[in-house]
Amino acid sequence: MVYHIPWIYTPVRSVLAIWHQLTKAEIPELAKCSVLMRDRSRVEDTIYAMQRAGAGRLQVISDFDMTLTRFAHNGKRVPTTHNILDHRLLIDEDCSKKIRELLNTYYPIEIDAGRTAEDKLPLMVEWWTQVHELLIQQRIRKDLLAQAVKESSAMLREGYKVFFDRLTEQQVPLLIFSAGVGDVLEEVIRQNNVFHPNVHIISNYMDFDQTGVLRAFQGQLIHTFNKREGALSHASGLRVLQGRPNVLLLGDSLGDLTMADGVSEHQNILTIGFLNDQMDERKESYVKSFDVVLVKDETMEVPNAILKYITSSTDNKLDA
Ligand code: TMP
Ligand code: MG
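Residues numbered from 1 in each chain as written. Chains lettered and ligands numbered in written order. Predicted model: local features only at pLDDT ≥ 70, side-chain atom pairs only at ≥ 80, totals over all residues. Heavy atoms only, no water.

A.B. asks: Looking at this structure, I do not really get the coordination of the magnesium ion (ligand 2). What am I missing?
C.D. replies: Metal coordination angles have textbook ideals: 109.5 degrees for a tetrahedral set of four donors and 90 or 180 degrees for an octahedral set of six. Within the protein, D63 (OD), D65 (O) and D252 (OD) serve as the donor atoms for the magnesium ion (ligand 2), at 2.0 to 2.2 Å. In primary-sequence terms, the residues that donate to the magnesium ion (ligand 2) follow D-x1-D-x186-D. Linking D63 in the loop between β2 (58-62) and β3 (72-73) with D252 in the loop between β9 (246-251) and β10 (268-275), this pair joins segments that are 189 residues apart in sequence. Take D63: its relative accessible area is 5%, and that puts it in the buried class. (Donors = N, O, S within 2.8 Å, 3.2 Å for Na, K, Ca; no water. Helix = DSSP H or I, 4+ residues; strand = E, 2+ residues; numbered from the N terminus. Buried < 20%, exposed > 50% of the residue type's maximum accessible area, 1.4 Å probe, protein only.)

What follows is the structure in C-alpha cells.
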C-alpha cells in the first residue's frame, strides 16, 4: 500500500539506491570478477543485517581442507590434512601407494557434479574407512606429527592471518568443522600461529595408546557428506556458539552447507563457497547453493572484507 503513495515511494527508492551505492563502496571486493552471486541484493541485505546486529551476535563456521587451506600453489596441489600424513616418517611406501590410489578413485566421485549427495554418501564412507584402517595399521606415532606438518607443503589461504586475528580481536567464535584429521589440522594452525582461544574444532581425531601409537579414530566418522549429523550432535551443544544467531559459513563442498544445521534460532546465514576445481561443471550448482561463490580464488580477500564490514560497528563503538 505504502508503495502506491508517490511521496513515500520516491524517498524509499532513493534510500535503497544510496544503500546499494554504499555497499558497493564499502565492500569493493564483491565486484571482483571471481565473485558470483545468485541474488546480490539478498547478500547485501544479509550483510547489512549482520552488521547492525554486531560482532556479539556473530559466529563463523568454516570447513578446513581447501577452504581455509589453499587448493593449489604454483600449479601444484596443496596437501589436505589426510595427505600430510603421506610422509615417509609416518607410513611406508606400500601404504602411501594405496592411499594415493584411493584418492584417485574417490576424489573424482566426491566432486562429480552428475551424482547426488545421497549417491556419494556410502562411497565416501568406504573411502574414509579404508584410509583410516590403513593409517591405523601403520602405527603412526603422535610425536612425529609436528615434523610431518613442518616438512609438508601445507598452506593456508593468503590473508588467513587477518581472518583469524580479526575474529579473535572481535571475540567471535570460529568453529572449524572438518572431515580431515583433527590432530593434523591443529598442528597446521598452531605452526601458523593462529590457534587462538576462540577457535573450536570438530573433526576426526586420532586415538593414541599410552605409548603414543595410533590405535583408532575417536567418535563417529565425519566425511564430506555427513556434516549435518555432526552439526546436530556436536556443534549445537557448544556453549560459546549460543546466543549468536548470525552465521558466516565458509566451505568448498556442497556438503559443507549443512555445517550450520545445528544453529538453533538462526537469524541470518551468509554462505561463501570456494569453487576450486571442475569450475564449468559445478558453477551452476554452486551459484544455486551458496550465496557468494569465489571462483578459483586462493585468497581470503572476500571473506575478510565481508567480516570487516560486519564487525565494523564494534570498531566504531571501540573508537568512541
Ligand atoms: P574438509 O572437510 O576439511 O574439507 O576435509 C575433507 C577433505 O579431505 C575432502 O575434500 C577430501 C579430502 N581427503 C583427502 O584428501 N584424502 C583422503 O584420504 C580423504 C579420506 C579425504
Ligand atoms: Mg573442504
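Having seen it, we continue.
A.B. asks: It is not clear to me how helix α5 (residues 117-137) should be interpreted in this structure. Could you clarify?
C.D. replies: For an α-helix the count is 3.6 residues per turn, leaving residues at separations of three or four pointing the same way. Its 21 residues place the ends of α5 30 Å apart at the C-alpha level, agreeing with the 30 Å of an ideal helix rising 1.5 Å per residue. The largest bend along α5 measures about 25° and falls at L123. Of the surrounding elements, those touching the buried residues of α5 are α3 (81-84), α4 (93-110), β5 (174-181), β6 (199-204) and β8 (214-217). Note on α5: the residue one or two positions beyond its end, R139, has a positive phi of about 50°. (Expected span 1.5 Å × (residues − 1). Bend = angle between axes of the 7 residues up to and from the residue. Contact = heavy atoms within 4.5 Å.)

A.B. asks: What is the right way to look at the site of ligand 1 in this model?
C.D. replies: Around ligand 1 sit 16 residues in total, of which D63, T80, E110, S178 and A179 are the nearest. The contact in question runs from an oxygen atom of ligand 1 to an N or O atom on the side chain of D63, over 2.8 Å. Here an oxygen atom of ligand 1 sits 3.4 Å away from a polar atom, N or O, in the main chain of G180. In isolation ligand 1 has 490 Å² of accessible area, and contact with the protein removes 98% of it. Every element with two or more residues in the shell around ligand 1 is listed here: α3, α4, α5 and β5. (Near = heavy atom within 4 Å. Polar contact = N/O pair within 3.5 Å; in protein donor to acceptor, adjacent residues only side chain to side chain. Areas by Shrake-Rupley, 256 points an atom, 1.4 Å probe, with all protein chains shown as cover.)

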